[in-house]
2 protein chains.
Amino acid sequence: MPSPPKTSDDAIIAAARKLVRRHGRDGFSLAHVAAAVGIKAPSLYGRFADRSALVAAVELSLWRELGQALSRAPRRTDPVAALSELARAYRAFAKANPREYALLFDARAEHSVKATEARTASMAPALPTFVALVGESAALAAARVLTPFLHGFVTMELAGAFRLGGGIDAAFEHGVATILEGLVQRRRAPRRAGQRRRKQRTR
Amino acid sequence: MPSPPKTSDDAIIAAARKLVRRHGRDGFSLAHVAAAVGIKAPSLYGRFADRSALVAAVELSLWRELGQALSRAPRRTDPVAALSELARAYRAFAKANPREYALLFDARAEHSVKATEARTASMAPALPTFVALVGESAALAAARVLTPFLHGFVTMELAGAFRLGGGIDAAFEHGVATILEGLVQRRRAPRRAGQRRRKQRTR
DNA sequence: GTCTATACTAAGATAGAC
DNA sequence: GTCTATCTTAGTATAGAC
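Since this is a predicted model, take the numbers as computed values, not measurements.

Novice: Describe the layout of surface pockets, naming the residues involved and giving the relevant values.
Specialist: There is about 1,100 Å³ of room inside the largest pocket. Residue assignment for the lining of the largest pocket shows that the elements contributing at least two residues are α5 (98-104) and α8 (139-158) of chain A together with α6 (98-104) and α9 (139-158) of chain B.

In structure tokens, the structure reads:
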């Protein structure tokens, strides 16, 4: 008779995620994962095609988790205040899960359809607030200003790029406030600080 | 008699850099580097303590190169226009050297004093322009808004995060313009869009 | 589905001779 | 400074039995 399952796909993904958390995307072996769930490395191949398939599964679960973290941010009626809270929640997630966060933006990741969908879905909680801030037509463009700032800021922070001194929290708040102000400003008087005219597409 | 040198430290660094360009920070071995300069792998240990020391040397030369790329950006008298050009030059460098760029911000890098200095020096060409835009006291804070955006944008672009559709160039221009407008705006009427008061340190 | 055994590949680093 | 030879360690993945 066939061996009864000692573990489950989900348990394996969870174990791999824990290893990513501690050692980073490349810092663990399949043997480590297997040991964590009480099986041997070769048995993993019965459940995942190869190492990268397992990592991809971890990535999916992380996007979900990021989306949840954002949706738990404090609600505010004022869009500026609401987006500030979302920004803080985003940064908090990245700082609490630095290696997981790095995995999400690893350039070596395979861009599967599922991964792209999960990435988009994770940002969905913020979209209505962008709409409230700058209107339907400019919401996506606005998200493409704030989101890169957030990603860049936390990445640089985690990489130790802000070594010149304290005030990192203040710098973050200042950055978010500046960008939100710029977005509001441009909504009122579009195309003022610009010096060069290009066609503007929302997406 | 001792063997005459077949190569030089600089040639080795250049060869390593070329391999980084093609295969990424972890995509080549010391044997590859050695072969590229016509020696054998063990000989490298006579010149570099280990692999990471060689990678660190590559990193230093890359910071220099980024600084040069920025200093070659078109000059403009208007600070907003000047910073827009610098932003374009920054993005162009990252897109032309994606793996080298990734190396510069790899979280696993050792944060040596030299690396920190080189990083700072690479940004130096932009500082006077920030001063012209927002004044001496706010220049560094301003740089800490635009720079993370730039880094975040190009990183996301390289990681394939903007899969939802075209207009990436336009999105970049829009982001830069929005941020510069926010900076100018805040200079005129500090603390308007903010909703929460925190102490603001320039550095 | 899981196991043992193993093939396969590869890389970093050191010893000691020239 | 460079070489050959070697140590050491490690990991992914497959074959075939239970």
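The discussion continues.
Novice: So what's going on with the domain arrangement of chain A? Which residues, and what values?
Specialist: All names here are of chain A. The assigned domain composition of chain A is domain 1 (1-48) and domain 2 (59-188). The straight-line distance from the C-alpha centre of domain 1 to that of domain 2 is 31 Å. Taken together, the contact between domain 1 and domain 2 spans 9 residues of the former and 11 residues of the latter. Summed over the three residues of domain 1 that lose the most area to domain 2, namely R17, R21 and R25, the buried surface amounts to 66% of that side. Taken together, the connections running from domain 1 to domain 2 amount to 5 salt bridges. In this structure, the connection of domain 1 to domain 2 is made through 9 residue pairs in polar contact (both at pLDDT 80 or more). Each residue belonging to the side of domain 1 that touches domain 2 can be placed in one class, and the counts come to 2 nonpolar, 2 polar and 5 charged.

Novice: Give me the lowdown on the protein's contact with DNA strand C, citing residues and values where you can.
Specialist: In the vicinity of DNA strand C there are 16 residues, among which S3, K6, K40 and S43 of chain A together with R51 of chain B approach most closely. Taking R51 of chain B, its side chain carries an N or O atom lying 2.7 Å from a phosphate oxygen of DNA strand C. Class assignment of the residues belonging to the surface near DNA strand C gives a composition of 6 nonpolar, 5 polar and 5 charged.

Novice: Go over the packing of aromatic side chains with me, naming the residues and quoting the values.
Specialist: All names here are of chain A. Following the criterion strictly, the structure yields 14 aromatic pairs over all chains and no others. Relative to F105, the ring of Y101 has its centre 5.1 Å away and its plane inclined at 40°; by these criteria the two rings are tilted. On the accessibility criterion, Y101 (2% relative accessible area) is buried. Through a chain of ring-to-ring contacts, three or more aromatic side chains come together here, namely W63, Y90, Y101 and F105. Here the basic side chain of R91 rests over the ring of F172, its NZ or CZ set 4.9 Å away from the ring centre.

Novice: Could you give an account of the interface of chain B and chain A, naming the residues involved and the relevant values?
Specialist: Tallying the contact residues gives 59 residues for chain B and 59 residues for chain A. Carbon and sulfur atoms make up 59% of the surface buried where chain B meets chain A, a total of about 5,400 Å² over both sides. Here chain B and chain A share 2 salt bridges between them. Residue E181 of chain A is joined to R186 of chain B by a salt bridge in which the shortest nitrogen-to-oxygen separation is 3.8 Å. Our count for the chain B to chain A interface comes out at 2 residue pairs in polar contact (both at pLDDT 80 or more).

Novice: Describe the packing of α8 of chain A against α9 of chain B, with residues and values.
Specialist: Contact geometry of α8 of chain A with α9 of chain B gives a least axis separation of 6 Å together with a crossing angle of 95°. One way to sum up the angle between α8 of chain A and α9 of chain B is to call them roughly perpendicular. Of the residues in α9 of chain B, those in contact with R144, V145, T147, P148, F149, H151, G152, F153, T155 and M156 of chain A of α8 of chain A are R144, V145, T147, P148, F149, H151, G152, F153, T155 and M156 of chain B. Looking at the contact of α8 of chain A with α9 of chain B residue by residue, the classes come out as 10 nonpolar, 8 polar and 2 charged.

Novice: An account of the relation of the copies chain B and chain A is needed here, citing residue identities and associated values.
Specialist: Structural alignment of chain B on chain A gives an RMSD of 0.0 Å, achieved by rotating through 180° and translating 0.0 Å along the axis. Taken together, the rotation and translation describe the operation of a two-fold axis. The fraction of interface residues of chain B whose copies in chain A are also interface residues reaches 100%, indicating that both copies meet through the same surface.

Novice: Go over the nonpolar core, please, and point to the residues and values.
Specialist: Of all hydrophobic cores here, the largest spans 121 residues; its most connected members are F149 of chain A together with F149 of chain B. Beyond its immediate sequence surroundings of up to four residues, F149 of chain A is in contact with F172, G175, V176 and I179 of chain A together with R144, V145, P148 and F149 of chain B.

Novice: Please provide a residue-by-residue account of the side chain of D106 of chain A, values included.
Specialist: With respect to the helices and strands, the residue D106 of chain A is situated in the loop between α5 and α6 (113-123). In terms of polar contacts, D106 of chain A uses its side chain to reach the backbone amide nitrogen of R108 of chain A, at 2.6 Å.

Novice: Explain helix α7 (residues 113-123) of chain B residue by residue, including any values.
Specialist: Residue and element names in this part refer to chain B. Along α7, the positions that sit buried rather than exposed are A115, A118, R119 and S122. Seen end-on, α7 carries its buried residues on one side only, within an arc spanning 100°. Contacts made by the buried residues of α7 are with α4 (51-71) and α6.

Novice: Which residues make up the protein's contact with DNA strand D, and what are the values?
Specialist: Surrounding DNA strand D, one finds 17 residues, the nearest of these being R51 of chain A together with S3, K6, K40 and S43 of chain B. In this structure, a phosphate oxygen belonging to DNA strand D sits 2.9 Å away from a side-chain N or O atom of Y45 of chain A. The separation between a phosphate oxygen of DNA strand D and a polar main-chain atom of K6 of chain B is 2.8 Å. Put simply, the parts of the chain that give the surface near DNA strand D at least two residues each are α2 (30-36) of chain A together with α3 (41-44) of chain B. Taken together, the residues of the surface near DNA strand D sort by class into 6 nonpolar, 6 polar and 5 charged.

Novice: Requested: an account of the confidence of the model for chain A, with residues and values cited.
Specialist: In the predicted model, chain A carries a mean pLDDT of 92, and 92% of its residues have values of at least 70. This stretch, residues 193-198 of chain A, has a pLDDT under 50; its non-local contacts, to residues over four places away or in other chains, come to 15 contacts.

Novice: Could you give an account of helix α9 (residues 168-188) of chain A, naming the residues involved and the relevant values?
Specialist: Across its 21 residues, α9 of chain A extends 30 Å between first and last C-alpha, which sits within 8% of the 30 Å expected from 1.5 Å per residue. For α9 of chain A, a buried count of 18 out of 21 residues is recorded, marking the element as mostly surrounded by other parts of the structure.

Novice: Describe the packing of helix α7 (residues 127-134) of chain A against α8 of chain A, and please don't skip the residues or the numbers.
Specialist: All names here are of chain A. Running from N to C, α7 and α8 cross one another at 110°; their axes reach a closest spacing of 9 Å. Comparing the axis directions of α7 and α8 gives the class roughly perpendicular. Across the interface between the two elements, F130, V131 and V134 of α7 pack against A139, A142, A143 and L146 of α8. Looking at the contact of α7 with α8, its residues break down into 7 nonpolar, no polar and no charged.

Scoring rules and cut-offs
- The numbering scheme is per chain: residues are counted from 1 as the chain's sequence reads.
- For this description, chains carry letters from A and ligands carry numbers from 1, given in the order in which they are written.
- Only residues with pLDDT of 70 or above have their local features reported here, since the model is predicted, and side-chain atom pairs are shown and tallied only from 80 upward, although totals for entire chains, interfaces and linings are computed over all residues.
- The side-chain quantities take in all heavy atoms of the structure and omit both hydrogens and water.
- In the cavity and pocket records, a cavity denotes points on a 1 Å grid over the protein atoms alone where a 1.4 Å probe fits but cannot get out, a pocket denotes an open set with protein on both sides within 12 Å along at least 5 of 7 lines, and lining residues are residues with an atom within 4 Å of a point.
- Grid points are joined across faces, edges and corners, and a volume is the space filled by probe spheres set on the points.
- Runs of H or I in DSSP of at least four residues are treated as helices and runs of E of at least two as strands, each being numbered from the N terminus.
- Domain limits in this description derive from either an automatic procedure or a database domain assignment.
- Note on definitions: a residue-residue contact is assigned when non-hydrogen atoms from the two residues lie within 4.5 Å.
- Simply put, the buried area is the total loss of 1.4 Å probe accessible area from both parts when two parts are fitted together.
- Counted as salt bridges are all cases of a side-chain nitrogen of Lys or Arg within 4 Å of a carboxyl oxygen of Asp or Glu.
- The definition of a polar contact used here is a pair of N or O atoms within 3.5 Å, where within protein one atom must be able to donate a hydrogen and the other to accept one, and adjacent residues in sequence count solely through side-chain atom pairs.
- We call Asp, Glu, Lys and Arg charged. Ala, Val, Leu, Ile, Met, Phe, Trp, Tyr, Cys and Pro are nonpolar, and the rest, Gly among them, are polar.
- We call a residue near a given molecule or strand whenever any one of its heavy atoms falls within 4 Å of it.
- For Phe, Tyr and Trp, rings pair up if their centres lie within 6.5 Å, where Trp contributes its six-membered ring, and each pair is then called stacked (planes under 30 degrees apart), edge-to-face (over 60) or tilted (otherwise).
- A simple rule labels every residue: compare its accessible area, found with a 1.4 Å probe on the protein chains alone, to the largest value its type can have, and call it buried under 20%, exposed over 50%, or partly exposed in between.
- Charges are assigned to positions over rings by a cutoff of 6 Å between ring centre and Lys NZ or Arg CZ, combined with an angular limit of 35 degrees from the ring normal.
- Under this scheme, a helix contributes an axis fitted over its contacting stretch, all axes are lines through C-alpha atoms, and angles between N-to-C directions fall in the 0 to 180 degree range.
- Angle categories: roughly parallel below 35 degrees, roughly antiparallel above 145, roughly perpendicular from 65 to 115, and oblique for all the rest.
- Residues below a pLDDT of 70 in either copy are left out; the C-alpha atoms of the rest, at least 70 in both, set the least-squares superposition of the copies.
- In this text, buried Ala, Val, Leu, Ile, Met, Phe, Trp, Tyr and Cys residues form a nonpolar core when linked through side-chain atoms within 4.5 Å.
- Of all possible arcs, the one meant is that of the directions from the helix axis to the C-beta atoms.
- Values of pLDDT, ranging from 0 to 100, describe the predictor's confidence in every residue of the model.
- Expected span, for any helix, means 1.5 Å times one less than how many residues it has.

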